[in-house]
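Each chain, letter by letter, is given below.
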Amino acid sequence: MRFHSGMAVGLVLLASARAALAADSDAPTNVVNAAEPETLVPRVGFNIGGGVSLPISNAEGRFQTGGGFQLGVTYNFTQSLGVQAEYLHSRYDIRSDVLSSNGVDGNHSMQSGDLNVVYRVLPSRPFGIYVLGGPGLYHRRVQITQFAGTAVVPYCDPWLFFCYNSPVGVDQVLGSRSRTDFGLNAGAGLGLRLFGGPILVYVEGRYHYVFSGTIDTPAGPRKADGQYLPIMFGFRL
């Protein structure tokens, strides 16, 4: 009797253990571990970064390597999936061989607002990999200037112990054109969580393609689609 009672108790305990394991296996896999650091604001993350921006394809032959910065906010639906709204600003000088006239210079700037889907292939624990991409609006501006001489500008600040007249160069704006177009971007990044806290450092590269539409020229309508590759380093909260 004792033997049969012991077997009955053992079978009941085994059944209970198997039921508990089955319940654990049915739990959703995308639930964030309670021990994992979260963002400062629940489900919301912020990023800020800066770096170099490379014009590529036809843009490479006209603009030098530039620099820029980005600001973004991300809403995380799950541990792996989120949507990001981001602002990017970059600036480039025009190559000297593009403008044949002596004393003529120029610059190009671009501002964009993108709405991206972010998918974390490997969540940062502490090292992570993510991909992102989406549509955006791009405002591009080109300004052509010419050196017009020098002017004497008085400068006087007793707190800096200087008071003198300083000659400075004066540029004359010959022309400025801008347009806003639709574009797409896609890229990937690497993240590293610092000291087990909510702050991550990241590096990412993203390809941007801007559709220009047609532009009237003396040779007929042409397109000036832009292609850029910013490489950014920054912090994510």
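Rules used in this analysis
- Residues numbered from 1 in each chain as written.
- Predicted model: local features only at pLDDT ≥ 70, side-chain atom pairs only at ≥ 80, totals over all residues.
- Heavy atoms only, no water.
- pLDDT = per-residue confidence, 0-100.
- Contact = heavy atoms within 4.5 Å.
- Helix = DSSP H or I, 4+ residues; strand = E, 2+ residues; numbered from the N terminus.
- Buried < 20%, exposed > 50% of the residue type's maximum accessible area, 1.4 Å probe, protein only.
- Polar contact = N/O pair within 3.5 Å; in protein donor to acceptor, adjacent residues only side chain to side chain.
- Phe/Tyr/Trp six-rings, centres within 6.5 Å; stacked < 30°, edge-to-face > 60°.
- Lys NZ or Arg CZ within 6 Å of the ring centre and 35° of its normal.
- Pairing = 2+ DSSP bridges.

## Observations regarding the confidence of the model for the chain
Segments scoring low in pLDDT should not have their predicted coordinates read at a detailed level.
At step 1: When pLDDT is averaged across the chain, the result is 78; 69% of the residues are at 70 or more.
At step 2: Predicted confidence is poor over residues 17-37, with pLDDT under 50, and the contacts of this stretch with residues over four places away or in other chains come to 12 contacts.
At step 3: Confidence drops under pLDDT 50 across residues 157-162; counting only partners more than four residues distant or on other chains, this segment forms four contacts.

## Some thoughts on the environment of Arg43
At step 1: Relative to the helices and strands, Arg43 resides in the loop between helix H1 (2-25) and strand E1 (44-55).
At step 2: Judged by relative accessible area, which is 45%, Arg43 ranks as partly exposed.
At step 3: C-alpha separation for the pair Arg43 and Thr74, spaced 31 residues apart in sequence, amounts to 8.1 Å.
At step 4: One polar contact links the side chain of Arg43 to the main-chain carbonyl oxygen of Phe77, over a distance of 2.6 Å.

## A look at the packing of aromatic side chains
At step 1: The tally for this structure, following the rule as stated, stands at six aromatic pairs.
At step 2: Ring geometry for Phe69 against Tyr87: centres 6.1 Å apart, planes inclined by 55 degrees, an arrangement best described as tilted. Pair noted here: Phe69 is in strand E2 (residues 66-76) and Tyr87 is in strand E3 (residues 81-93), with a separation of 18 residues, a long-range link.
At step 3: Where Tyr207 meets Tyr209, the ring centres are 6.5 Å apart and the plane angle is 50 degrees; that geometry is what we call tilted.
At step 4: By relative accessible area, Tyr207 is classed as partly exposed at 34%.
At step 5: Ring pairs connect the aromatic residues Phe182, Tyr207, Tyr209 and Phe211, which therefore count as one cluster.
At step 6: Lying over the aromatic face of Tyr202, Arg236 brings its terminal NZ or CZ to 4.4 Å of the ring centre.

## Here we look at the environment of Tyr209
At step 1: Take Tyr209: it is sitting in strand E7 (residues 200-210).
At step 2: Here the alpha-carbon distance between Tyr209 and Phe182, two residues 27 residues apart in the chain, equals 8.8 Å.
At step 3: With residues near it in sequence (within four places) discarded, Tyr209 still touches Phe182, Gly183, Leu184, Asp225, Gly226 and Gln227.
At step 4: Here the side chain of Tyr209 touches Asp225 through a polar contact of 2.9 Å, side chain to side chain.

## Observations concerning the pairing of E2
At step 1: Alternating residues of E2 divide into Gly66, Gly68, Gln70, Gly72, Thr74 and Asn76, all buried, and Gly67, Phe69, Leu71, Val73 and Tyr75, none buried.
At step 2: In this sheet, E2 lies alongside E1 in antiparallel orientation, the contact comprising 10 bridges. Bridged to Gly51 within E2 is Gly68.
At step 3: Pairing geometry for E2 and E3, over 10 bridges, is antiparallel. By the bridge assignment, Gly72 is partnered in E3 with Glu86.

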